[in-house]
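Understanding the architecture of this molecule
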Amino acid sequence: MASLLGSTSTSRVGVNRAFGRSRPRTAVARAPAGRKVLLVRAGLFDFLAPKPAAPAADPRAQELSEALIEICSGTATGSKASPTTKQEIEELVAELSQYSIKNPLKSPLLWGTYDVLYCSKPTAVGGPLKSGAGPVIAPGQQARQILQAPDSLVNEVTFKTLGFIPGYSRQFGTIKPLSGDTFLLSIREGELNFGVTKQTKQFDITRKIQLVYLDDSLRIARFLPSEDLTDQEAEQAQGAPQTEEILFVFARSGEE
């Protein structure tokens, strides 16, 4: 070790003679002021290293994300969205998707609790609670989706039975990655609680979901219909398998 340290200055002289003292140094880009710099320490004490942070958002992506959240927040999860509003949302999503991180299914940003801001087919959020007498019996519906590592997914809709008794509907599923941005969602059981009694339900639902965009505050996904997959809920609601794509916009919940 001492011999290695002692030869440092001699080696440096040799390098300078070989390449010349006048050789310009390569410029090193510095992180902009105020931006956190991640340190990676390999070895036994990796757990002491800072946790990965979300990549710095592109200014245009941030602008699009804020605009999408604003427009979706006024649609009552899509049920009050006019055709014009739906078109505006689709256009925002199309542009925003260009800024999504690669392989979002491998990102730690995927996991967490999300509020459902918008769905292009509102009855796809809450099922029977969104149609018929559902909104009357269970008003004040708030939909959320909870993703927990490594593969757990929960769809939850909370409401007030007859306007004053807390109730909820939950579906429990698992996700299986098919690629860096697409996964199979399998839902086999659920619960329905109107505040007095709890019912356990069995499902046979398998859906292909593609993540269109993901950042630290927003997640956008599309349900991709497939004739090869069973969807009990869709068949009961409309008497046939779902044949159209459904767009979902989620915002990270402040209740995590």
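The structure displayed is predicted, hence computed values, not measured ones.

1. Re the packing of aromatic side chains
Per the stated rule, a full pass over the model turns up three aromatic pairs. Measuring from ring centre to ring centre gives 6.4 Å for tyrosine 114 and phenylalanine 250, while their planes differ by 75°; the resulting arrangement is edge-to-face. Of this pair, tyrosine 114 sits in strand β1 (residues 112-119) while phenylalanine 250 sits in strand β8 (residues 246-252), placing them 136 residues apart in sequence. Accessibility assignment for this pair places tyrosine 114 and phenylalanine 250 in one class, buried. The ring of tyrosine 114 is capped by arginine 219, whose NZ or CZ atom sits 4.1 Å from the centre of that ring. In this structure, arginine 219 is placed above the aromatic ring of phenylalanine 250, and the distance from its NZ or CZ to the ring centre is 4.2 Å.

2. Concerning the sheet that holds strand β2 (residues 142-148)
Read around the barrel, eight strands follow the order β1-β2-β3-β4-β5-β6-β7-β8 and close on themselves; strand pairing throughout is antiparallel. Pairs of neighbouring strands in the sheet enclose a mean axial angle of 35°, with direction left out of account. Sheet topology note: the β1/β2 ladder contains four bridges and is antiparallel. Among the inter-strand pairings, aspartate 115 is bridged to a residue of β2, identified as arginine 144. Most of the contacts of helix α4 (residues 83-96) go to strand β7 (residues 218-224), to which it runs at about 105°, and overall it touches β1, β6 (198-214), β7 and β8.

3. Some remarks on the nonpolar core
Judged by nonpolar contacts, the single largest core of 28 residues is most densely connected at Phe183, Leu185 and Phe248. Every element with two or more residues in this core is listed here: β1, β2, β3 (152-161), β5 (182-193), β6, β7 and β8. Broken down by element, the residue count for this core peaks at five residues, all from β6. Residues in contact with leucine 185, not counting those within four places in the same chain, are Leu153, Gly173, Thr174, Ile175, Ile205, Thr206, Arg207 and Ile209. Counting residues in hydrophobic clusters, the runner-up holds 18 residues, among them Ala61, Cys72, Ala81 and Leu96.

4. Observations regarding the environment of threonine 75
Along the chain, the position of threonine 75 falls in the loop between α3 (59-73) and α4. It is 9.2 Å that separates the C-alpha atoms of threonine 75 and cysteine 119, two residues lying 44 residues apart in sequence. For threonine 75, the contacting residues outside a window of four places in its chain are Lys80, Ala81, Thr85, Leu117 and Tyr118.

5. Observations regarding the pattern of salt bridges
Under the defined criterion, the tally for this structure stands at nine salt bridges. For the salt bridge of glutamate 95 with arginine 60, the shortest nitrogen-to-oxygen distance reads 2.9 Å. Remark: arginine 60 occurs in helix α3 and glutamate 95 occurs in helix α4; sequence separation between them is 35 residues. Note that arginine 188 and aspartate 204 form a salt bridge whose closest N and O atoms lie 3.8 Å from each other. Residue arginine 188 is located in strand β5, and its partner aspartate 204 is located in strand β6; the two are separated by 16 residues in the primary sequence. One continuous salt-bridge network, built from bridges that share partners, spans Arg144, Glu156, Arg170, Glu191 and Lys198.

6. Let's talk about α3
One full turn of an α-helix is made of 3.6 residues, so residues set three or four places apart face in the same direction. Compared with the 21 Å implied by 1.5 Å per residue over 15 residues, the 21 Å span of α3 between its first and last C-alpha is a close match. Those residues of α3 lying buried are Ala61, Leu64, Ser65, Leu68 and Cys72. An end-on view of α3 places all buried positions within 100° of arc, on one side of the element. Exposed side chains of α3 directed beyond 90 degrees from the buried face belong to Pro59 and Glu70.

7. Focus: the pairing of strand β4 (residues 165-177)
The pairing of β3 with β4 spans 10 bridges and is antiparallel. Counted as the bridge partner of serine 152 is threonine 174 from β4. The turn joining β3 and β4, which pair antiparallel and follow one another in sequence, is formed by three residues; a positive phi near 55° is taken by leucine 162. Across 10 bridges, the pairing between β4 and β5 is antiparallel. Following the sheet pairing, glycine 173 is matched in β5 by isoleucine 187. Joining the antiparallel neighbours β4 and β5 is a turn of four residues.

8. Description of a nonpolar patch on the surface
Taken together, the side chains of Val136, Ile137, Leu162 and Phe164 make up a nonpolar region of the molecular surface, amounting to roughly 440 Å² of accessible area. A residue is classified by how much of its surface remains accessible, and isoleucine 137, at 38% relative accessible area, is partly exposed.

9. Side note on the packing of α3 against α4
At a minimum axis distance of 10 Å, the contact between α3 and α4 shows a crossing angle of 155°. By the angle between their directions, the pair α3 and α4 is classed as roughly antiparallel. The handedness of the crossing between α3 and α4 comes out as left-handed. From α3, Arg60, Ala61, Leu64, Ser65, Ala67, Leu68, Ile71 and Cys72 reach across to α4, where they touch Thr85, Glu88, Ile89, Leu92, Val93, Glu95 and Leu96.

Calculation notes
- Sequence positions are assigned chain by chain, starting from 1 and proceeding in written order.
- Local features are withheld for residues below a pLDDT of 70 in this predicted model, meaning they are given only at 70 or higher, and side-chain atom pairs are given and counted only at 80 or more; totals for whole chains, interfaces and linings count all residues.
- Heavy atoms throughout the structure, all of them, feed into the side-chain values; hydrogens and water do not.
- Pairs were defined over the aromatic rings of Phe, Tyr and Trp, the Trp ring being its six-membered one, requiring ring centres within 6.5 Å. Orientation was assigned from the angle between planes: stacked under 30 degrees, edge-to-face over 60, tilted for the rest.
- Secondary structure elements follow DSSP: runs of H or I of four or more residues count as helices, runs of E of two or more count as strands, with numbering from the N terminus.
- Using a 1.4 Å probe on the protein chains alone, a residue whose accessible area is under 20% of its type maximum counts as buried, one over 50% counts as exposed, and one in between counts as partly exposed.
- Should the NZ of a Lys or the CZ of an Arg lie within 6 Å of a ring centre and within 35 degrees of the ring normal, that charge is described as sitting over the ring.
- The pairing criterion is simple: DSSP has to find at least two bridges between the two strands.
- For helices, the fitted axis covers only the stretch in contact; all axes are lines through C-alpha atoms, and the angles between them, taken along N-to-C directions, range from 0 to 180 degrees.
- Contacts were defined at the residue level, with two residues in contact if any of their heavy atoms lie within 4.5 Å.
- We call a set of buried Ala, Val, Leu, Ile, Met, Phe, Trp, Tyr and Cys residues a nonpolar core when their side-chain atoms join them within 4.5 Å.
- For salt bridges, the criterion is a side-chain nitrogen of Lys or Arg within 4 Å of an Asp or Glu carboxyl oxygen.
- One less than the number of residues in a helix, times 1.5 Å, gives the span that helix is expected to have.
- By definition, the arc is the one covered by directions from the helix axis to the C-beta atoms.
- Excluding any residue in a salt bridge, patches collect residues exceeding 30% relative accessible area, merging like charges within 9 Å and nonpolar Val, Leu, Ile, Met, Phe, Trp and Tyr side chains within 5 Å.
- For the accessible areas, the method is Shrake-Rupley and the probe is 1.4 Å, while residue cover comes only from the protein chains on display.
- To sort the angles, those under 35 degrees are grouped as roughly parallel, those over 145 as roughly antiparallel, those from 65 to 115 as roughly perpendicular, and the leftovers as oblique.
- Handedness of a crossing follows from how the near helix is turned relative to the far one, being left-handed for an anticlockwise turn of less than a right angle and right-handed for a clockwise one.

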